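Descriptive analysis of the structure
Residues per chain are reported as follows:
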Amino acid sequence: MTTLSPEKRDYFADLAICREPYQYFSDMLKIGPVVQMESTDALMVTGYNECIEVLRNHKDFSSYNSSVGAGYPLPFVPEGSDISEQMEANKDKMPHGELLVNQDGMRHSELRSLMNPLFTPSRLKANEAFIKEYAAEVVKDAVSKGSGEMVNEIATPFVTMVVADLLGVPVEDRAKFRAVIDSAPRPGSMTEDSNTEEFTGPLEYMARFFAEYIIDRRNSPRDDVLTKLATITYPDGKLPELKDLVTLAGTIFGAGQDTSAKLLSTSMRYLVENQELQGQLRANPDLIPAFIEEVLRLEGPTKATFRLARRDSTIGGVEVPAGKRIVVALAAGNRDPERWENPHEFQMGRRRAQEHLSFSRGAHACAGAPLARAEIRMILEEFLAQTSAIELSEYHHGPAEDRNIEYDASFFIRGLSSLHVNFTPA
Amino acid sequence: MTEILVTTRDGTETALAFTPSMSLMQTICDGGIDELAAICGGVCSCATCHVYIADEFLEGLPAMSEDEDALLDGVPYRTANSRLSCQIRLTDENNGMRVIIAEDE
């Protein structure tokens, strides 16, 4: 087998990169913090500071292609030093162009201002009682069975119900939402085409429900979250259009699904693969937040995010022409030795650990990060309190010297496809 | 044109134009000042966008929420002029406002 130099490998299709992304990112970073890829006409940014430089500069670097990725060809041939007009003229040819993650500037800022109040500490506190109670129930059920599959059986339903509660989705509709989400292709999939209209299927399905909720609450306000969502206004006091609120609600529902479920399962993998660490956290649950931060840094659910150079510009001194597609390799920046000492080592309690890039940065930084941290912390607390041991199922994953653990074939999600574990009750 | 005057940690003052209804945090970040980490992106959960507002402009700002107050309690160098810049939506009234980037930890 010939070994390709890293810049020649196809990040968007090479399944070996999916299995071992950190070696690949490390190899790319060794070439430089900003590297031209050969398989796709895109730049890969791997340096910690350079990633932040791109993410904070949303005037030069647009989120136009954020949801489809830098491997997706532009629907036009870029011309000149500023492609803003071409981008606008071709916007309807980009898949899911209406999503919040793909917006820039004022339009993005306005939509974010509607969403931000949902994730403030006091808002989350109201949600925490439900999360705690529900986490206890989910864990009790799993532990009583003696074993369980973390990703699909436990984590996904758990995080789905948490977001449903946050948005005030009536209990009787929650199961319907989950069924639709479960049957959709995963974002950034290398093996299924997630850039078709079908990808928006679940969002469209949920949109119908949210439209009904919002019309209902605007006509007859109640004391609930959906009423707050239905009556929220822009900073200038203007009431948002129904479709904007519906898209937003769908986005919140969709965005918190896969990523949070992957974070919970990856966290669990660290605990079952390191029994000493598991014992340490069981004895001292106050360490769980620091544990989660280090899992986020080392193996956060989002490996990369994507941008498009709107104008001629630079990244880390490297010239970037307008129209260049960019892979912002968050997972690479999270292991940049310039920023992190012994970057590949698991070290709980690093100084300024929360400065990792797993929730991105700048205007598009993940609004749901506080929710993710809270829900994962609370369910891990329950898992550790209700068990005396949690172990990896060797029946499913093989013995320590020959583990068989699969990751989703995705160029932006880092996540286990399944994780079977055995529980010993406390 | 509306603008604010931002003093960075080295004492330099820069005038930044702003669009009313944008947040103070976003205006400072978009203005090319990279001293605000602003990690959480404006959901009032990280306190890494801490600034000091000049006395004469403090009163005209929207009141501080309990969340903002609690977060500011956790930062070093809190003063009576402290605010989290992500919680301030700029209006025409803020034209000429002087803002100092707070000390880091």
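The residue numbers shown here count from 1 along each chain, following its written sequence. As a convention, the first chain written is A and the first ligand written is 1, with the rest following in written order. Local features in a predicted model are, by the rule used here, given only for residues with pLDDT of at least 70; side-chain atom pairs are given and counted only at 80 or more, and totals for whole chains, interfaces and linings are based on all residues.

Structural notes on the overall build of chain A
Note on conventions: DSSP H or I runs of at least 4 residues are helices, E runs of at least 2 residues are strands, and numbering of each starts at the N terminus. A count of helical and extended segments in chain A gives 16 helices and ten strands. Our radius of gyration is a C-alpha quantity, and the globule rule it is checked against amounts to 2.2 Å times the number of residues to the power 0.38. For a compact globule of 426 residues, the expected C-alpha radius of gyration is about 22 Å, and chain A comes in at 21 Å, within 12% of that figure. Its C-alpha atoms give chain A principal-axis dimensions of about 65 × 65 × 40 Å. Partly exposed residues are those falling between the two cut-offs: more than 12 but fewer than 20 other C-beta atoms within 10 Å of their own, whereas 20 or more means buried and 12 or fewer means exposed, with C-beta atoms placed from the backbone. Counting over 426 residues, chain A shows a buried share of 48%. Contacts in chain A between residues far apart in sequence, at least 24 positions, make up 76% of those at least 6 positions apart. Residues are scored as being in contact if the C-beta atoms we place from backbone atoms lie within 7 Å.

Digging into the sheet that holds strand S4 (residues 82-84) of chain B
Residues and elements named next belong to chain B. In this analysis, strands are considered paired if DSSP registers two or more bridges between them. The strand order across the open sheet formed by five strands is S2-S1-S5-S3-S4, and the pairing between neighbours is mixed. Edge positions in the sheet fall to strand S2 (13-17) and S4, since each of these pairs with one other strand and no more. Each neighbouring strand pair of the sheet contributes to a mean axis angle of 35°, computed without reference to strand direction. Convention adopted: a line fitted to C-alpha atoms gives each axis, helices being fitted over their contacting stretch, and angles between N-to-C directions are expressed from 0 to 180 degrees.

Thoughts on the interface of chain B and chain A
One frequently used descriptor of interface size is the decrease in accessible area upon assembly of the parts. Taken together, the contact between chain B and chain A spans 19 residues of the former and 23 residues of the latter. Of all the secondary-structure elements, those providing two or more residues to the side of chain B that touches chain A are helix H1 (24-30) and helix H3 (66-73) of chain B. Its residues placed into classes, the side of chain B that touches chain A shows eight nonpolar, six polar and five charged. Polar here means any residue outside two lists: the nonpolar Ala, Val, Leu, Ile, Met, Phe, Trp, Tyr, Cys and Pro, and the charged Asp, Glu, Lys and Arg; Gly therefore counts as polar.

Points about the nonpolar core
All names here are of chain A. The term nonpolar core means buried Ala, Val, Leu, Ile, Met, Phe, Trp, Tyr and Cys residues held together as one set by C-beta atoms within 7 Å. Counting 98 residues, the largest nonpolar core has Ala249 and Ile379 as the members making the most contacts within it. Residue contributions to this core peak at twelve residues, all from helix H11 (residues 242-273). In this structure, Ala249 is in contact with Leu167, Phe210 and Leu229, ignoring residues within four places of it in sequence. Leu43, Ala304, Val327 and Ala331 belong to the second largest nonpolar core, which has 43 residues in total.

Considerations on the pairing of strand S5 (residues 305-309) of chain A
All names here are of chain A. Within S5, five of the five residues are buried, which leaves the element mostly enclosed by the surrounding structure. Of the two faces of S5, the one holding Thr305, Arg307 and Ala309 and the one holding Phe306 and Leu308 are both buried throughout. Relative to S5, strand S3 (residues 61-62) runs antiparallel, the two sharing two bridges. The residue of S5 that forms the bridge with Ser62 is Leu308. Pairing of S5 with strand S8 (residues 325-328) involves four bridges; the strand directions are antiparallel. Paired with Arg307 across the strands is Ile326, a residue of S8.

Regarding the confidence of the model for chain B
Detailed reading of the predicted coordinates is not advisable wherever pLDDT falls low. The predictor reports its confidence for every residue as pLDDT, a score running from 0 up to 100. In this model, chain B carries an average pLDDT of 94, and 99% of its residues clear a pLDDT of 70 or more. We note a pTM of 0.92 for the whole complex and an ipTM of 0.91 for its interfaces.

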